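One letter stands for each residue in the lines below.
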Amino acid sequence: MSFKFKPVSQPSNHEAIEGSEKEKQIKTLDLGNGSQVLYIPRFLSFDDSWKFFDYLNSHIPWTRPTIRVYGRSCVQPRDTCYVASPGLPELIYSGYKPHAYSWDDYPPLKEILEAVHKVLPGSKFNSLLLNRYKGGNDNVGWHADDEKLYGPTPEIASVSFGCERDFLLKKRPSKSSQAQAKGKSDDEPSSKRLKKSCHVDQHSFTLKHGSLLVMRGYTQRDWLHSVPKRAKAEATRINLTFRYVHGGLLGRKLP
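Parameters at a glance
- Residues numbered from 1 in each chain as written.
- Predicted model: local features only at pLDDT ≥ 70, side-chain atom pairs only at ≥ 80, totals over all residues.
- Heavy atoms only, no water.
- Helix = DSSP H or I, 4+ residues; strand = E, 2+ residues; numbered from the N terminus.
- Buried < 20%, exposed > 50% of the residue type's maximum accessible area, 1.4 Å probe, protein only.
- Contact = heavy atoms within 4.5 Å.
- Areas by Shrake-Rupley, 256 points an atom, 1.4 Å probe, with all protein chains shown as cover.
- Expected span 1.5 Å × (residues − 1).
- Phe/Tyr/Trp six-rings, centres within 6.5 Å; stacked < 30°, edge-to-face > 60°.
- Lys NZ or Arg CZ within 6 Å of the ring centre and 35° of its normal.
- Pairing = 2+ DSSP bridges.
- Axes fitted to C-alpha atoms, helices over the stretch in contact; angles between N-to-C directions.
- Polar contact = N/O pair within 3.5 Å; in protein donor to acceptor, adjacent residues only side chain to side chain.

Peer 1: I tried to follow the overall build of the chain on my own but got confused; where do I start?
Peer 2: Of the regular secondary structure elements, the chain holds six helices and 14 strands. A total of 255 residues make up the chain; the buried ones form 45% of that total. At a minimum sequence separation of 6, the contacts of the chain that also span at least 24 residues come to 81%. Summing over all exposed atoms, the chain offers an accessible surface of approximately 13,500 Å²; the carbon and sulfur share of this is 51%.

Structure below.
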């Protein structure tokens, strides 16, 4: 199965042209200390995005595995699948080792990968973790993709299809701030501690159908990200996260 990419939009007037051009532009968020996020709201055209969504939803061998989080077994709150180039280390997270499918098993994935490489010159992704959120209760908790096999400054490209969902980023607390907070916790009322805890650095993106979000630099070292539960998100969202595996193996926990 092969898709032919169409122009991102075919506006009929000047106002539509301006709107579509804004959505195609790369929005850059400098998080400081070498961390950066890029966002393209309209990475793929609307029609192409729905074609990919329908293909992925019906052809990918989705599974909802049992994982271990903080010593307890639970069913992962989203469907998943893993694709990787041959010869790479096995992926293991939260006690779960997914089967690595080949890019050749699902050719449209290679077309999306080529489009990602085209818009991100110099990138060279060789693995892909797919997730399907079938409703507002499906989610992924706060975590960082900071495994050693991705290197110290991994670039992670996330393409979204279907239902819009919130993507949150928050800065990891430093060890010094954690120690200070612990030392003061007994002397301050809970209401004051809560007020202070709300002043953490946090950012939010609404990941649109056909969008691309890229995390670069030290984002995985210094920041956490999540896709929280949303009661109003009743439809399905499919997310593709492209990564480059350097080698080595490290288990991880994904809530």
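Additional details are given in the paragraphs that follow.
Peer 1: Any chance you could explain helix α2 (residues 46-59) here in plain terms?
Peer 2: Because an α-helix packs 3.6 residues into every turn, residues spaced three or four apart end up facing the same way. With 14 residues, α2 ought to run about 20 Å at 1.5 Å a step, and its terminal C-alpha atoms sit 20 Å apart, in line with that. Of all the residues in α2, the buried ones are D48, S49, F52, F53, Y55 and L56. Check the buried side of α2 and you find it contacts α3 (107-119), β7 (127-133), β9 (156-162) and β14 (237-243).

Peer 1: What exactly am I supposed to notice about the packing of aromatic side chains here?
Peer 2: Aromatic rings in a pair are described by how distant their centres are and how their planes are angled relative to each other. Under the counting rule described, the total for this entry stands at eight aromatic pairs. The interplanar angle of 45° and the centroid separation of 6.0 Å between the aromatic rings of F52 and F161 together place this pair among those described as tilted. Remark: F161 occurs in strand β9 and F52 occurs in helix α2; sequence separation between them is 109 residues. Summarising the burial analysis for this pair, F52 and F161 share the class buried. Taking the centre distance of 5.9 Å and the plane angle of 70° together, the rings of Y101 and Y106 count as edge-to-face. Within the aromatic cluster, the residues linked to one another by ring pairs are F46, W50 and F53. In this structure, K124 packs its charged tip against the face of Y244, placed 5.1 Å from the ring centre. Positioned above the aromatic ring of W142 is the side chain of K170, whose terminal nitrogen or guanidinium carbon lies 4.5 Å from the ring centre.

Peer 1: Looking at this model, I keep getting lost on the sheet that holds strand β2 (residues 35-40). Mind explaining?
Peer 2: Backbone-to-backbone hydrogen bonds join strands into a sheet, with any given pair of strands oriented parallel or antiparallel. Sheet architecture is open: eight strands sit in the order β1-β2-β12-β9-β14-β7-β5-β6, paired in mixed fashion. Taken across any chain shown, the strands that pair with only one partner, and hence form the sheet edges, are β1 (27-32) and β6 (100-101). Taken together, the six bridges between β2 and strand β12 (residues 211-217) define a ladder with antiparallel strand orientation. Paired with S35 across the strands is G217, a residue of β12. Packing against the sheet, α2 makes contact with β7, β9 and β14, and its axis sits at approximately 90° to β9.

Peer 1: Looking at this structure, I do not really get the side chain of N239. What am I missing?
Peer 2: Its location among the elements puts N239 in strand β14. At 2.6 Å, the side chain of N239 forms a polar contact with the side chain of S158. There is a polar contact of 3.5 Å between the side chain of N239 and the side chain of S160. Beyond its immediate sequence surroundings of up to four residues, N239 is in contact with L129, L130, N131, Y133, S158, V159 and S160.

Don't take any of this as a statement about function, it's just geometry.
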